[in-house]
Amino acid sequence: MQLEDKKLLSFREAAVYLGISEAALRKRRFLGQLRGLIRLGGRLYFDKSKLDKFVDNLEIKNNSIPTENTEER
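Just so it is clear, the model here is predicted, and its values are computed rather than measured.

Reading the values: rules and limits
- Chains are numbered independently. Their residues run from 1 in the order of the written sequence.
- Local features in this predicted model are restricted to residues of pLDDT 70 or higher, and side-chain atom pairs are both shown and tallied only at a pLDDT of 80 or more, whereas totals for entire chains, interfaces and linings draw on every residue.
- Side-chain descriptors were evaluated using all non-hydrogen atoms of the structure, hydrogens and water having been removed beforehand.
- Note on conventions: DSSP H or I runs of at least 4 residues are helices, E runs of at least 2 residues are strands, and numbering of each starts at the N terminus.
- Each residue is assigned to one of three classes by its accessible area relative to the maximum for its type, calculated with a 1.4 Å probe on protein chains only: buried under 20%, partly exposed between the two thresholds, exposed over 50%.
- For this analysis, residues touch if any pair of their heavy atoms sits within 4.5 Å.
- Under the convention used here, a 1.4 Å probe and the Shrake-Rupley method define accessible areas, while residue burial counts only the protein chains that appear.
- Take the buried Ala, Val, Leu, Ile, Met, Phe, Trp, Tyr and Cys residues and link them wherever side-chain atoms come within 4.5 Å; each set so joined is a nonpolar core.
- Arc definition: it is the arc formed by the directions from the helix axis to the C-beta atoms.
- Basic side-chain nitrogens of Lys or Arg form a salt bridge, by our definition, when they fall within 4 Å of a carboxyl oxygen of Asp or Glu.
- When two rings of Phe, Tyr or Trp (its six-membered ring) have centres within 6.5 Å they constitute a pair, described as stacked for plane angles under 30 degrees, edge-to-face for angles over 60, and tilted for the intermediate range.
- Comment: the charge-over-ring label is applied if NZ (Lys) or CZ (Arg) is within 6 Å of the ring centre and within 35 degrees of the ring normal.

A.B. asks: Would you mind showing me how to read the overall build of the chain here?
C.D. replies: When helices and strands are tallied, the chain shows three helices and three strands. The secondary structure elements of the chain, listed N-terminal to C-terminal, are β-α-α-β-β-α. The proportion of buried residues among the 73 residues of the chain is 18%. Of the contacts made within the chain by residues no fewer than 6 positions apart, 44% connect residues no fewer than 24 positions apart. Accessible area for the chain stands at about 6,400 Å²; split by element, carbon and sulfur atoms hold 47% of it.

A.B. asks: Where do I start with the nonpolar core in this structure?
C.D. replies: Within soluble globular proteins, side chains that are nonpolar tend to cluster in buried spots. Residues Leu9, Phe11, Ala14, Ala15, Leu25, Leu34, Phe46, Leu51 and Phe54 constitute the largest nonpolar core, which totals nine residues. Ranked by residue count, the leading element in this core is helix H1 (residues 11–18), at three residues. Excluding anything up to four places from it in sequence, Phe54 contacts Arg28, Gln33 and Leu34.

A.B. asks: Just to check I follow, could you spell out helix H3 (residues 48–56) for this structure?
C.D. replies: Within an α-helix, residues lying three or four positions from one another point in the same direction, as the helix has 3.6 residues per turn. Those residues of H3 that fall on the buried side of the exposure criterion are Lys48, Leu51 and Phe54. Buried residues of H3, seen end-on, are gathered within an arc of 110° and therefore sit on one face of the element. Residues of H3 that are exposed and point over 90 degrees away from its buried face: Lys53 and Asp56. Close packing links the buried residues of H3 with strand S1 (8–9), H1, helix H2 (22–30) and strand S3 (43–47).

A.B. asks: Even after reading the chapter, I still don't get the pattern of salt bridges, so can you show me in this structure?
C.D. replies: Side chains that carry opposite charge are capable of pairing whenever their charged atoms lie near each other. Following the criterion strictly, the structure yields three salt bridges and no others. With its nearest N and O atoms 3.8 Å apart, the salt bridge here joins Glu22 to Arg12. Within this pair, whereas Glu22 is found in helix H2, its partner Arg12 is found in helix H1, the two being separated by ten residues in sequence. A single network of salt bridges, built from pairs that share partners, joins Arg12, Glu22 and Arg26.

A.B. asks: Help me understand the packing of aromatic side chains, please; the structure alone is not making it clear to me.
C.D. replies: The geometry of an aromatic ring pair comes down to the distance between the two centres and the angle between the two planes. Here the structure, examined in full by the defined rule, presents one aromatic pair. Ring centres of Phe11 and Phe46 lie 4.9 Å apart, and the angle between their planes is 80°; on these two criteria the pair is classed as edge-to-face. With Phe11 in helix H1 and Phe46 in strand S3, the pair connects residues that are 35 residues apart, well separated along the chain. Residue classification places Phe11 among the buried positions, given a relative accessible area of 8%. With relative accessibility at 0%, the residue Phe46 sits in the buried group. Geometry around Phe11 places Arg26 over its ring, the cationic atom sitting 4.0 Å from the centre.

Written as structure tokens, this is what we have:
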């Protein structure tokens, strides 16, 4: 079964799906940056649709890159 067919993902599967390490995923969970965790039988799973929403809401914030409307320092 491929990840696209699943609704619930383990930590390892969610990390692969997001393209990050499992440690990075666990750190984001510890920091409270992730939603959609479901506990089944003592294990935690991620709701894949909520992970998709999390990724959709990500935004790159970098103030060090000059744009056309800002002056170079």
